[in-house]
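Coordinate inspection notes
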Amino acid sequence: MENRSFFRHALLYGLGSVLMQASGVVLVPLYTRCLSITEVGALEVLGRCAEMAGTLLLIGGLRQGLMTFYQQSKSDAEREQVFRSTMALLILISVLGGGLIMALAGPVCNFFQSDGRPMISPALMRLAVLGVLLEPLAMMPLALLQARVESALFVIITFSQFVVRVALCVLFVVVLQWGVAGVFTATAVTCGAYGIGLSLRELLRKGAWPDREHLVGLMRFALPFLPGALGFFILQNGDRFFLWRWRGEAAVGVYGLGYKVALTVATFSVAPLYMVWATRMYKAAEAPDAPQVFGRTFTRIMSAFMLVGLAACLFQDEAVRILGGAKPEYASAAVIIAPVVLAGFFQSAAALMDAGFYVRRRTGLKLYITLASTVVILVLYVVLIPTYGAMGAALATVGGFAFLAVITWNMTQRIFPVEYEWGRLVDLMGLAAGLWLVSRFLPATGWAIAAKGGLWLAWPLL
């Protein structure tokens, strides 16, 4: 019965997670058809800059702090107090830090120059950052629904968000032809409307006001995420900036398309399962068989990643043709999908291993791991991207996340030992790699699609 409940919630969270991320994928054909390839590249870089702003504002650390403190609270009153403390910190940091970031938009845009002129306007940069400032207002209440395991309501809200954002994007980009500005306007309007509504819904409930103990505790929990998150930002997004510097915005647009296809793997596999596991791992950590439970869970979640990842790699050419439209310049995006999926495997593995830091409240140790991994990947960027372009960026990403996974395993085993099933995982990974290599010899004909489908089905059967 407990397994049924787990997978039922995972299915609902999977749908919600897909909807939260799907608009970015669903809208890709619109971008590739309505925007030039250089505008797509600019959109990619602006999105990454906005993500960096969110990192500087401790959004990720506060969200994880809300999940951890909420799950470990002893009463409903304390849980409500944790949420209000999180929102108070979030609003304060967003107002102060967001204002500073908006003021610095001009100097940041001067960094992206071509022939002495800025390639990104400060107004676009501020619009992109505004969406990031508004997004947590909806993100935190949704995290609260996740912590309460209210998966049905979570899906309803995320579905409506998905519909509204897509509709607004079509209106602003296709009908009004606002270009890149239309994309970020749609995001800001959606995040603002849902953020204000969801936050008020939770804050108007009866509950205790923030207290000093929770405010200080949340800040201590979240602060180690800042330097670590900056390092992780470089790990996951730094390749676009290096690629922009050495190959131009068109190369970033092509690389971004392939990267988006690879990112959908975690969205359809690890994300929904982890959303349920994140609410249960604290209780599981207290059981005497915790090392075995965590090891089995790791195997099952990573197996789901491999199943979806194999599909993305088998149909990499077809996916790019659908998303990129008839523009031949996007065809080269297909070759970077497989290595980025492999990098995603290592990234997901490291994220699951992070459970040891959370259940022991030792998030400070993540800093050293992320900084070391950042140094490694920066070296790989400098060595590989100038010579090999997009493929060099993909291979550097594989190397950086592989290093991250190895040292995360080494560190977490010291504070929270887990019995990982490495033999099973190596067999599954080897089988997936072999089936993908076979698919590379298939001709570009209609029947080859059916053959690839057969190879994909062969993986779970074998």
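This is a predicted model, so every value here is computed, not measured.

Before going further, it helps to spend a moment on a nonpolar patch on the surface. Where nonpolar side chains cluster on the molecular surface, the patch consists of V170, L171, V174, V175, L176 and W178 and spans about 490 Å² of accessible area. With respect to the secondary-structure elements, V170 resides in helix 8 (residues 151–175). Overall, V170 belongs to the partly exposed group, its relative accessible area being 33%.

Moving on to unusual backbone geometry. In this structure, Q177 is a non-glycine residue whose phi angle is positive, near 55°. Its place among the elements puts Q177 in the loop between helix 8 and helix 9 (180–203). We classify Q177 as exposed; its relative accessible area is 65%.

Our focus in this paragraph is the environment of F221. Position of F221 among the secondary structure elements: in helix 10 (residues 212–222). On the accessibility criterion, F221 (5% relative accessible area) is buried. A C-alpha to C-alpha distance of 9.5 Å links F221 and F69, two positions 152 residues apart in sequence. Ignoring sequence-local partners within four residues, the contact set of F221 consists of G61, Q64, G65, T68, F69, Y358 and T363.

Restricting attention to buried positions, one finds in helix 15 (residues 316–324) the residues Q316, E318, V320, L323 and G324. Positive backbone phi, approximately 70°, marks G325, located one or two places after helix 15.

In this section: the side chain of S94. With respect to the secondary-structure elements, S94 resides in helix 5 (residues 76–103). Ignoring sequence-local partners within four residues, the contact set of S94 consists of G99 and L133.

Moving on to the packing of helix 5 against helix 9. Between helix 5 and helix 9, the shortest axis-to-axis distance is 11 Å and the interhelical angle comes to 140°. In terms of orientation, helix 5 lies oblique with respect to helix 9. Along this stretch, helix 5 crosses helix 9, giving a crossing that reads as left-handed. The residues of helix 9 that touch helix 5, namely those facing F83, R84 and M87, are S199, E202 and L203.

Turning next to the packing of aromatic side chains. For the coordinates displayed, the defined rule picks out twelve aromatic pairs. Taking 5.1 Å as the distance between ring centres and 40° as the angle between the ring planes, the aromatic pair formed by F242 and Y381 counts as tilted. Taken together, the residues span a long stretch of sequence, with F242 in helix 11 (residues 225–247) and Y381 in helix 18 (residues 365–415) at a distance of 139 residues. For the pair F298 and W422, a centre-to-centre distance of 5.8 Å together with 75° between the ring planes defines the contact as edge-to-face. With F298 in helix 14 (residues 290–314) and W422 in helix 19 (residues 422–439), this pair connects stretches of sequence that are 124 residues apart. By relative accessible area, F298 is classed as buried at 4%.

In a soluble, globular protein the nonpolar side chains are often hidden away together inside. Counting 131 residues, the largest nonpolar core has Y31, M281 and F294 as its most contacted members. Of the residues forming this core, the biggest block, 14 residues, is contributed by helix 18. Aside from chain neighbours lying at most four places away, what touches F294 is W277, M281, A284, A285, A355, F416 and V418. Counting eight residues, the second-largest nonpolar core is a separate cluster that includes L142, I157, Y194 and M275.

Procedures and definitions
- Residues numbered from 1 in each chain as written.
- Predicted model: local features only at pLDDT ≥ 70, side-chain atom pairs only at ≥ 80, totals over all residues.
- Heavy atoms only, no water.
- Patch = residues over 30% accessible without salt bridge, like charges linked within 9 Å, V, L, I, M, F, W, Y side chains within 5 Å.
- Areas by Shrake-Rupley, 256 points an atom, 1.4 Å probe, with all protein chains shown as cover.
- Salt bridge = Lys/Arg side-chain N within 4 Å of Asp/Glu carboxyl O.
- Helix = DSSP H or I, 4+ residues; strand = E, 2+ residues; numbered from the N terminus.
- Buried < 20%, exposed > 50% of the residue type's maximum accessible area, 1.4 Å probe, protein only.
- Contact = heavy atoms within 4.5 Å.
- Axes fitted to C-alpha atoms, helices over the stretch in contact; angles between N-to-C directions.
- Parallel < 35°, antiparallel > 145°, perpendicular 65-115°, else oblique.
- Left-handed = near helix turned anticlockwise from the far one by under 90°.
- Phe/Tyr/Trp six-rings, centres within 6.5 Å; stacked < 30°, edge-to-face > 60°.
- Core = buried A, V, L, I, M, F, W, Y, C linked by side-chain atoms within 4.5 Å.

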